[in-house]
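Below, each chain spelled out in residue letters.
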Amino acid sequence: MATASIPPTTEARDVFRELGYTVSDGGREFVAERKWRRVFVTVLCLDDDDLDPYLADGGDAPRLRCFVTWRDRAADLQERLVAAKPPYDWAVIGIDRDGEDFAVMEGAPGSP
C-alpha cells in the first residue's frame, strides 16, 4: 500500500495508457495524447496543500487538464479546484490505493 505523501505517478500513467493515450516522459506532470485530444496531467499527493503552482495555464499547455490523486482525496481536490476556478477544462481522477481501480470526476458545471 502506498503512503499518503507519495503521489500516484506510476498509477496515473498506467490509467492513461489503459485508456489508449500515449504518455510523455516526465515526473509528476506529463502530457497524454490520443487522437485529437492532448491532456496536461498533474499528479498530486496529500502533502500538496498549495494548488497555486499547479493551476497556471502554462501558455502553450493543452487546454485540457487532469489532476490525479489518491481516490480518498479526489473529492477534496475537486472542491478546491471548483473554488479556484481555473481558466481551462479540467477533471480529477482518483486512484485506489492498490492501483487497481479509478474514478473520474468532471470539472465544475459551466467551467470553460
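Just so it is clear, the structure is predicted and the values come from calculations on it, not from any experiment.

### Observations regarding helix 1 (residues 9–18)
A turn of α-helix holds 3.6 residues, and therefore any two residues three or four places apart point the same way.
Move 1: Looking at helix 1, one finds that the buried residues are Thr9, Ala12, Arg13, Val15 and Phe16. Around the axis of helix 1, the buried residues are gathered within 155° of arc, so they sit on the same side. In this structure, helix 1 carries Thr10 and Glu18 as exposed residues pointing more than 90 degrees from its buried face.
Move 2: On its buried face, helix 1 is in contact with strand 1 (22–23), strand 2 (29–34), strand 3 (37–43), strand 4 (64–70), strand 5 (89–95) and strand 6 (102–106).
Move 3: The first or second residue beyond helix 1 is Gly20, which carries a positive phi of 90°.

### A few points about the nonpolar core
Move 1: Counting 15 residues, the largest nonpolar core has Phe16, Phe30, Val41, Cys66, Val68, Ile93 and Ile95 as the members making the most contacts within it.
Move 2: Put simply, the parts of the chain that give this core at least two residues each are helix 1, strand 2, strand 3, strand 4 and strand 5.
Move 3: What Phe30 contacts, discounting residues up to four positions off in sequence, is Ala12, Arg13, Phe16, Val23, Ser24, Asp25, Val39, Phe40, Val41 and Val43.
Move 4: In this structure, Leu51, Leu81, Tyr88 and Val92 belong to the second largest nonpolar core, which totals 11 residues.

### Concerning the pattern of salt bridges
A side chain with one charge can pair with a side chain of the opposite charge if their charged atoms come near.
Move 1: Counted according to the given criterion, the structure contains 7 salt bridges.
Move 2: A salt bridge links Arg17 to Asp14; the shortest N-O distance between them is 3.8 Å. With Arg17 and Asp14 both in helix 1 and 3 residues apart, this pair spans about one turn of that helix.
Move 3: According to the relative accessible area criterion, Asp14 is partly exposed, its value standing at 36%.
Move 4: Its salt-bridge partner being Arg71, residue Asp96 comes within 3.1 Å of it at the nearest N-O pair. Within this pair, whereas Asp96 is found in the loop between strand 5 and strand 6, its partner Arg71 is found in helix 3 (residues 71–84), the two being separated by 25 residues in sequence.
Move 5: Residue classification places Asp96 among the partly exposed positions, given a relative accessible area of 21%.
Move 6: The network of salt bridges with common partners includes Arg71, Asp96 and Asp101.

Cut-off values and rules
Residues numbered from 1 in each chain as written. Predicted model: local features only at pLDDT ≥ 70, side-chain atom pairs only at ≥ 80, totals over all residues. Heavy atoms only, no water. Buried < 20%, exposed > 50% of the residue type's maximum accessible area, 1.4 Å probe, protein only. Helix = DSSP H or I, 4+ residues; strand = E, 2+ residues; numbered from the N terminus. Arc of directions from axis to C-beta. Contact = heavy atoms within 4.5 Å. Core = buried A, V, L, I, M, F, W, Y, C linked by side-chain atoms within 4.5 Å. Salt bridge = Lys/Arg side-chain N within 4 Å of Asp/Glu carboxyl O.

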